[in-house]
Amino acid sequence: MEKPICPKCEHVQVVKSGVVGGRQRFKCKKCGYHFTVNKLGKSIDKYYVVKALQLYIEGISYREIERILGVSHVSVMNWVKQYKIKVPESNDYRPTYRVLNHTELVKFMAIKENLTDTGMLITELGDKFMIIKWERFKNR
């Protein structure tokens, strides 16, 4: 194992300084800071973080994002808090979405009715594409 770098002053001269909670503790020779090596956890590709936040901004619920991307809805909630994302307040539309492969997307785009009188966003989801459309609520 390589000796770590001090997280406080980024100095390379550190020495072992005991064990805490089953993890090796280190001390920086320059600033005297005690630290343990960061635990390596599961990390999720930033691609999915960005896609989840985009979908959240477009009005898709946490559970729907979980179903679409295969990422825990709790992770999505944590990212929303971490990046301080706010959904625009608007009550006069609702998003609907469809997940299509490339061939289905081409057929969908060829139909003129699918391209008129609506807002639409197409985003890539791995080897598939998601179409998000906004339909206005009808006034009664």
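Below: a short report on this structure.

What counts and what doesn't
Residues numbered from 1 in each chain as written. Predicted model: local features only at pLDDT ≥ 70, side-chain atom pairs only at ≥ 80, totals over all residues. Heavy atoms only, no water. Helix = DSSP H or I, 4+ residues; strand = E, 2+ residues; numbered from the N terminus. Buried < 20%, exposed > 50% of the residue type's maximum accessible area, 1.4 Å probe, protein only. Contact = heavy atoms within 4.5 Å. Areas by Shrake-Rupley, 256 points an atom, 1.4 Å probe, with all protein chains shown as cover. Axes fitted to C-alpha atoms, helices over the stretch in contact; angles between N-to-C directions. Parallel < 35°, antiparallel > 145°, perpendicular 65-115°, else oblique. Nonpolar A, V, L, I, M, F, W, Y, C, P; charged D, E, K, R; others polar. Core = buried A, V, L, I, M, F, W, Y, C linked by side-chain atoms within 4.5 Å. Disulfide = S-S within 2.5 Å. Pairing = 2+ DSSP bridges. Patch = residues over 30% accessible without salt bridge, like charges linked within 9 Å, V, L, I, M, F, W, Y side chains within 5 Å. Salt bridge = Lys/Arg side-chain N within 4 Å of Asp/Glu carboxyl O.

Turning our eyes to something else, we now look at the overall build of the protein. When you go through the protein residue by residue, the secondary structure sums to 4 helices and 6 strands. If you list the helices and strands of the protein from N to C, you get β-β-β-α-α-α-β-α-β-β. Expressed as a percentage of the 140 residues in the protein, the buried residues total 24%. Within the protein, contacts between residues at least 6 apart in sequence are counted, and of these 47% link residues at least 24 apart. Accessible surface, the protein: about 10500 Å² in total, of which carbon and sulfur atoms supply 51%.

Moving on to the side chain of E58. With respect to the helices, strands and loops of the structure, E58 is situated in the loop between α1 (46-57) and α2 (62-69). When sequence neighbours within four positions are dropped, the list of residues in contact with E58 reads P95, L121, I132 and W134.

So, about the packing of α1 against helix α3 (residues 73-82). At a minimum axis separation of 10 Å, α1 and α3 run at an interaxial angle of 80 degrees. Taken together, the axes of α1 and α3 are roughly perpendicular relative to one another. On the side of α1, the interface is formed by Y48, V49, A52, L53 and Y56, while α3 contributes V76, W79 and V80. Here the residues of the contact of α1 with α3 are counted per class, giving 8 nonpolar, no polar and no charged.

Counting residues in hydrophobic clusters, the biggest one holds 16 residues, and the most contacted among them are A52, L55, I65, L69, V76 and W79. Of all elements in the fold, only α1, α2, α3 and β6 (128-136) reach the threshold of two or more residues within this core. It is α1 that contributes the most residues to this core, 5 residues altogether. With residues up to four places along the chain from it excluded, the contact list for V76 reads A52, Y62, I65 and V71. Ranked by size, the runner-up nonpolar core spans 5 residues in total, among them C6, V14, F26 and F35.

Let's shift gears to the state of the cysteines. Taken as a whole and assessed by the stated rule, the structure comprises 0 disulfides. Unpaired in terms of disulfides, C9 finds its nearest cysteine sulfur in C28, a separation of 3.6 Å. The class of C9 is partly exposed, set by a relative accessible area of 28%. Using a relative accessible area of 1% as the deciding quantity, one classes C28 as buried.

The sheet built from 3 strands is open, its strands ordered β1-β2-β3 with antiparallel pairing. Looking along the sheet, the strands with just one partner apiece sit at the ends: β1 (14-20) and β3 (34-36). In this sheet, neighbouring strand axes are inclined to one another by 35 degrees on average, regardless of whether the strands run parallel or antiparallel. When β1 meets strand β2 (residues 23-28), the two strands line up antiparallel, connected through 5 bridges. Bridge pairing in β2 places V14 opposite C28.

Attention shifts here to a nonpolar patch on the surface. Together, M109, L115 and I122 make up an exposed nonpolar region whose accessible area comes to about 230 Å². Positionally, M109 belongs in helix α4 (residues 102-110). On the accessibility criterion, M109 (32% relative accessible area) is partly exposed.

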